[in-house]
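Observations on the model geometry
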Amino acid sequence: MGTTQQHPPSDLGPQPDGSCLGAGASVPAASAVFTTPEMRSDMSGAASGASPGATPAGRRTRRLSLGSASGIVPLARDFTRQALYDWGWLPAATADRRAAAEDVLLVVSELVTNACLHAEGPEELRVSLDAKVLRLEVEDRGAGQPTPRTPHRAGRPGGHGMFIVQRLCLDWGVVRSTGMPGKTVWAELAAPA
């Protein structure tokens, strides 16, 4: 990765209900109206536009718009869990398959939480699967560069998200948006055998 900007721990990010608050945002009142996120699925494998999430032939993709949703982290996990059920990863027949599904859900949580804490919140989650690789993509509005903290200190609270992503994934990276703020952070995990 190129030059990165370290972000100090922040008290902003996921709220008890899992929602993200940006700088200067306030906690919604009890009577707030919650919007339902938009979910889209591309099961044909055809590309749905020229974007970092474009899908090659044979790849199944699910998209979840998170821009105005509340409870973003649990919502992203539930959305991904449903995709894993639909694609046959769950229910897991073996301990290895169960561990693979749990790794996917952990990586989704870390990527979405990182977007909440350091990138002005996530806009969209994309989950794609081909025969060998499951790809997770979180599009956000932030300009920063995610990076694992080094040196990693296991006993220190916070700062473990990208270290976990690095350890669990085959590969991960960042694709910058052209002509507008934001980026897509992606991670790929091996499909269970």
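Relevant structure appears above.
The text that follows walks through the structure, step by step, so that each part is easy to find. Along every chain, residues carry numbers that run from 1 in the direction the sequence is written. This being a predicted model, a pLDDT of at least 70 is required before a residue's local features are given, and a value of 80 or more before pairs of side-chain atoms are given or counted; all residues contribute to the totals for chains, interfaces and linings. Derived side-chain values reflect all non-hydrogen atoms in the structure, with water molecules and hydrogen atoms excluded from consideration.

**Some details on the pattern of salt bridges**
What makes a salt bridge here is a side-chain nitrogen of Lys or Arg within 4 Å of a carboxyl oxygen of Asp or Glu, nothing more. For the structure shown, the criterion picks out eleven salt bridges. Linking Asp86 and Arg62 is a salt bridge whose minimum nitrogen-to-oxygen distance equals 2.9 Å. Highlighted residues: Asp86 in helix α1 (residues 72-86) and Arg62 in strand β4 (residues 60-65), separated in sequence by 24 residues. Per-residue accessibility, obtained with a 1.4 Å probe over protein chains only, is compared with the maximum for each type, and a residue is labelled buried under 20%, exposed over 50%, and partly exposed between these values. When its relative accessible area of 42% is taken as the criterion, Asp86 is described as partly exposed. The class for Arg62 is buried, based on a relative accessible area of 12%. Here Glu137 and Arg126 are joined by a salt bridge, their closest N and O atoms 2.6 Å apart. Taken together, the residues Glu137 in strand β6 (residues 133-140) and Arg126 in strand β5 (residues 122-129) connect sequence positions eleven residues apart. Owing to a relative accessible area of 3%, Glu137 belongs among the buried residues under this scheme. The buried category is assigned to Arg126, whose relative accessible area is 1%. Through salt bridges with shared partners, a single network forms among Arg63, Glu124, Arg126, Arg135, Glu137, Glu139 and Glu188. A run of DSSP states H or I qualifies as a helix once it reaches four residues; a run of E qualifies as a strand once it reaches two. Both are numbered from the N-terminal end.

Fair warning: the whole summary comes from geometry, so function is off the table for now.
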